[in-house]
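# Summary of structural features
One-letter residues, chain by chain:
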Amino acid sequence: MSAAIALQLHDVSKHFGRPAVEHLDLTIHRGELYALLGPNGAGKTTTLRMVAGLLAPDTGRIDVMGIDLASQPAAAKQTMAYLPDDPMLYDKLKPMEYLEFVAGLWGVSATDAAPRATELLDWLDLSKHAHELTEGFSRGMKQKLALAGALIHAPQLLILDEPLTGLDAAAARQVKDLLLSHVEAGGTVILTTHILEVAERMAQRIGIIQHGRLIAEGTLDELRARTDGGTLEDVFLQLTSPA
Amino acid sequence: MRGTPGSAIWLLQHETRMFWFNNGRRRKQRSWLAPFLVLLWLCLHGLAFFLLRNMPETPESVLPFVAMAATLLLVVLATFMFSSGLKGSVDSLFERGDVDLLLSSPLPARSIFTVRLGAVTLGVALVYLALAAPVVNAGLFIGHPEWLAVYAVILAWAAIWCALAMLLTLLLVRVLGARKTRVVAQVISAIAGALLFLLAQAQNLAPSGGPDALQAMIADHIKPGSVFAPDSVLWWAGRAFTGSAVHLLGLACTAIVLFLVTVHFTHGFFVRGLQQAVSTVRARERPAAVAQGRFGQSLLQVVLRKEWRLIARDPHLLSQVLLQLLYLLPLGFLVLRSEEHAAPGVAAGLTMLAASLATSLTWIIVAAEDAPDLLLASPATMRVVRRAKVAAAVIPILALVAIPLAWAVAHDAATGLLMCFTVAAATLCSALTGLWQGRPASRNSFQRRAKGNWVATVVDLVGTVGWAATGFLLIRAASPGQSAYDARWAGISLALALLTLLLAWGTRRRAG
């Protein structure tokens, strides 16, 4: 596998009684922001959960930063972070305590974690809420704290499932800026979103998945060339609407 | 009868529908239960009629004593009704999620609050009405129509205690805010429920004298002219229970007045104050210092700190766990009063207490993990995480029982060490059973944890009893002059405890 590849899925399938993901091949390069789009139930979340190591594929192989996820899960997970649409938080912990726990799970040293935690909380405007339990946080604050947790160990690959759901305009802007700076610094991001404008503006490449299969992939221009053109919304609807 | 949309009757129908929906949804997988309960209820009618058909007339002279007994029964019911009323008030204000919808509609706030309080009252009274029905209805057939007063008394009694519960809930909202009210009301509700048990054990807690002394004390207090004399005003509610029209009227008026006063003085706060309390995050004084984390700790340390923080900051859950201590206190007094069996009994009691606490804490820490995906997505070794979780459950319990165990060792080294062995073993076995058998659940379902996983519950119970019996029998066997009989049975109970542990391991759930 090339050193330039961050994530590679080879012929990955997953069934839950019915097929959720079928023979999926996907390659995402380092320093790339990749948007995985699809209608509800298309298999986006299942794909991301398999990449994050939460679900084992029935068949196929997943390599993260050149590491086989099945045979070396700890080494592969060390390089990535997963943020689901429902933030994985503890209601009775304060933001810094949450970051302390996540840093402990990833084995981040105190010299790296302490300044990074402070920096992330400042950046995401959560420092003033540092003494509050997260149970009182709004949806947007929770999402931002979960993102800070995902970034505490400076992952090379960031896997985000609907990261902008429930965020107000200012918070969404903060998160988008953070993702772009992560990519500019050489990090890789794969995200799913139903907000197509976000994918249109931010993603370098876009994959469209339907019924568990990748039906189209490429830059926005490449996707436009395959259809009658227009906005990403037009392209998406043309590709996913029944023939 | 269908109420006009927007009327109080229409709203009451909505509440009734919600009541059946909520209760029916919980039991959707047990569709046989409702017909079975109805059949059982009808059979109870037959049984009550059969038992009461030849009941002799109650002499006039006995009626005051019947009223006293009825009053005591009503006091018992009051603790249950107040406890349920608090739960119902909290649920109807915070959990239902339709308060905003109703208050944003053109319905008068007073009607909404009246119907909601009425629904809480009816919900609380319903179970006692159903329980009383077989006897009261049988009374109709055997010539005691005055027994119908029981229905009115139950309704009035429920209205009084539910109104008081609602007043307390709203007072707590005003003083503490919505979030803390939920917790405090749930804790008070749990303690109110446990209070009855402790009162029932009052005789065991009394220093000495036994049942005869208690009887003499009661006789002294109820003699004519005393505060508790049979003609005292204290037995008013009980007289209403026996069918006295004047007393029944008085009780009903008290209930209606209290209900209306509650509605009149609190419906405004219900609308303004509660909405504000629910939607506002209360601003507290913040320390000037910036929060500093403790980074760079081992995986074991971070898991321990996280688990203990979560438990310590959940007073509702903590109170439910510690209530188990409260329930075992009277047993401890019972044991200590018997000199001969003190040490084996204390060993059995402590073993059961420690194992029971371990079961609860392990459930909270392992099964009710809030973010299992975070743990799975991390590179942390799950074996270490799971060991840390067991340690997080076991360490506080061993710290709690360390003092009585140290006392036991100091008192008699051999007995104390045997006690240490069974307590530690039972604690660890319960924690391991919870680890191997735990199913993912929400912390909110703590009180229902046994229902969803009865195999684990039975295995854990048998193991706990096995260890308690081992402790009891081993210490008895070690006492001077005992035969090998106890030692043999101790071996059998030890084998049983180990076998259940093996069974828990053999049928364990796959990690992750």
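The shown structure was predicted, so the numbers you read here are calculated from the model rather than taken from an experiment.

## A look at the overall build of chain A
When helices and strands are tallied, chain A shows nine helices and 10 strands. Relative to the compact-globule value of 18 Å for 243 residues, chain A shows a C-alpha radius of gyration of 18 Å, a close match. Here the C-alpha coordinates of chain A stretch approximately 55 × 40 × 35 Å along the principal axes. Across the 243 residues in chain A, those meeting the buried criterion constitute 47%. Looking at chain A alone, contacts between residues at least 24 apart form 70% of all its contacts between residues at least 6 apart.

## Things to note about unusual backbone geometry
Residues and elements named next belong to chain A. For Asp-125, which is not glycine, the phi torsion reads 65 degrees and is therefore positive. In this model, Glu-162 sits at a positive phi of 50 degrees, which is unusual for a non-glycine residue. Relative to the assigned elements, Glu-162 resides in the loop between β7 (157–161) and α6 (169–184).

## What to know about the sheet that holds strand β9 (residues 205–210) of chain A
All names here are of chain A. Reading across the sheet, the six strands line up as β6-β7-β8-β3-β9-β10 and stay open at both edges, with mixed pairing between neighbours. Edge strands, defined here as strands with exactly one partner in the open sheet, are β6 (80–83) and β10 (213–218). Here the strands of the sheet are splayed against their neighbours by 15 degrees on average, with no regard to which way each runs. Alignment of β9 against β10, held across five bridges, turns out to be antiparallel. Across the sheet, residue Ile-209 finds its bridge partner in β10, namely Leu-214. Helix α1 (residues 44–51) rests against β3 (33–37), β7, β8 (188–192) and β9 of the sheet, and its axis sits at about 150 degrees to β7.

## A closer look at the sheet that holds strand β1 (residues 5–16) of chain A
Residue and element names in this part refer to chain A. In spatial order, the strands read β2-β1-β4-β5; together these four strands make up an open sheet with antiparallel pairing. Of all strands in the sheet, those with a lone pairing partner are β2 (18–29) and β5 (67–68), marking the two edges. Bridge count for strand β4 (residues 59–64) against β5 is two bridges, and the pairing is antiparallel. Note on β5: the bridge partner recorded for Asp-63 is Asp-68.

## Remarks on the nonpolar core
Core analysis: the biggest nonpolar cluster contains 141 residues, and Ala-148, Ile-152 and Ile-159 of chain A together with Ala-354 of chain B have the highest contact counts within it. Tallying contributions element by element places helix α14 (residues 342–367) of chain B first for this core, with 17 residues. Sequence-distant contacts of Ala-354 of chain B, that is, excluding residues within four places in its chain, are made with Ile-397, Val-401, Val-423, Ala-426 and Thr-427 of chain B. Grouped together as the second largest cluster of nonpolar side chains are 52 residues, Val-136, Ile-154, Ala-163 and Val-263 of chain B included.

## Section: the interface of chain B and chain A
If you look at the interface, chain B gives 26 residues, while chain A gives 35 residues. Of all the secondary-structure elements, those providing two or more residues to the side of chain B that touches chain A are α12 (299–312) and α15 (372–377) of chain B. Sort the elements by how many residues they give to the side of chain B that touches chain A and α12 of chain B lands first, with five residues. Tallied by class, residues from the side of chain B that touches chain A come to 14 nonpolar, four polar and eight charged.

## Topic: the packing of helix α3 (residues 95–105) of chain A against helix α5 (residues 139–151) of chain A
Residues and elements named next belong to chain A. Running from amino to carboxyl end, α3 crosses α5 at an angle of 30 degrees, the nearest separation of the two axes being 9 Å. In terms of their interaxial angle, α3 and α5 are classed as roughly parallel. Relative to α5, α3 is oriented so that their crossing is right-handed. When α3 is examined against α5, the residues Pro-95, Tyr-98, Leu-99 and Val-102 are found in contact with a partner set consisting of Leu-145, Ala-148 and Gly-149. Among the residues forming the contact of α3 with α5, the class breakdown is six nonpolar, one polar and no charged.

## A look at the confidence of the model for chain A
Residues with a pLDDT of 70 or more make up 98% of chain A, whose mean pLDDT is 91. At the level of individual helices and strands, chain A shows its lowest average pLDDT in helix α9 (residues 232–240) of chain A, which scores 88, and its highest in β4 of chain A, which scores 96.

## Here's the deal with α6 of chain A
Counting along an α-helix, one turn takes 3.6 residues, and residues three or four places apart therefore face a common direction. Residues and elements named next belong to chain A. Between its first and last C-alpha, α6 extends 22 Å over 16 residues, near the 22 Å set by a 1.5 Å rise per residue. Among the residues of α6, those classed as buried are Ala-171, Val-175, Leu-179, His-182 and Val-183. Buried residues along α6 cover an arc of 110 degrees about the axis, so they all sit on one side. Turned more than 90 degrees away from the buried face of α6 sit Ala-169, Ala-170, Arg-173, Asp-177, Ser-181 and Glu-184, all of them exposed. Considering only its buried residues, α6 is in contact with β3, α5, β7, β8 and α7 (196–202). Gly-186 sits one or two residues past α6 and shows a positive phi near 100 degrees.

## A word on the environment of Arg-213 of chain A
Residues and elements named next belong to chain A. Structurally, the position occupied by Arg-213 is in strand β10. Between the C-alpha atoms of Arg-213 and Ala-42, which are 171 residues apart in sequence, the distance is 8.0 Å. Beyond its immediate stretch of four places on either side in the chain, Arg-213 contacts Glu-22, His-23 and Leu-24.

Calculation notes
- Within every chain, residues take consecutive numbers counted from 1 along the sequence as written.
- As they are written, the chains are lettered A onward and the ligands numbered 1 onward, keeping that order.
- For this predicted model, a pLDDT threshold of at least 70 governs which residues receive local features, and a threshold of 80 or more governs which side-chain atom pairs are given and counted, while totals over whole chains, interfaces and linings are taken from all residues.
- Helix numbers and strand numbers start at the N terminus; a helix is a DSSP run of H or I with at least 4 residues, a strand a run of E with at least 2.
- Computation of the radius of gyration draws on C-alpha atoms, with the globule rule given as 2.2 Å multiplied by the number of residues to the power 0.38.
- As a rule, residues whose C-beta atom has 12 or fewer other C-beta atoms within 10 Å are exposed, those with 20 or more are buried, and those in between are partly exposed; C-beta atoms are placed from the backbone.
- In this description, a residue-residue contact is defined by the distance between C-beta atoms placed from the backbone, which must lie within 7 Å.
- If DSSP finds at least two bridges between two strands, the strands pair.
- Axes here refer to lines fitted to C-alpha atoms; in helices the fit is confined to the stretch in contact. Angles between the N-to-C directions go from 0 to 180 degrees.
- Definition of nonpolar core: a set of buried Ala, Val, Leu, Ile, Met, Phe, Trp, Tyr and Cys residues joined via C-beta atoms within 7 Å.
- The residue classification treats Ala, Val, Leu, Ile, Met, Phe, Trp, Tyr, Cys and Pro as nonpolar and Asp, Glu, Lys and Arg as charged. All others, Gly included, are polar.
- If an angle is under 35 degrees, it is roughly parallel; if it is over 145, roughly antiparallel; if it lies from 65 to 115, roughly perpendicular; otherwise it is oblique.
- We call a crossing left-handed when the near helix sits turned anticlockwise from the far one by less than a right angle, and right-handed when that turn is clockwise.
- pLDDT measures the predictor's confidence residue by residue and takes values from 0 up to 100.
- Take the residue count of a helix, subtract one, and multiply by 1.5 Å to get its expected span.
- Each direction from the helix axis to a C-beta atom contributes to the arc, which is the arc of those directions.

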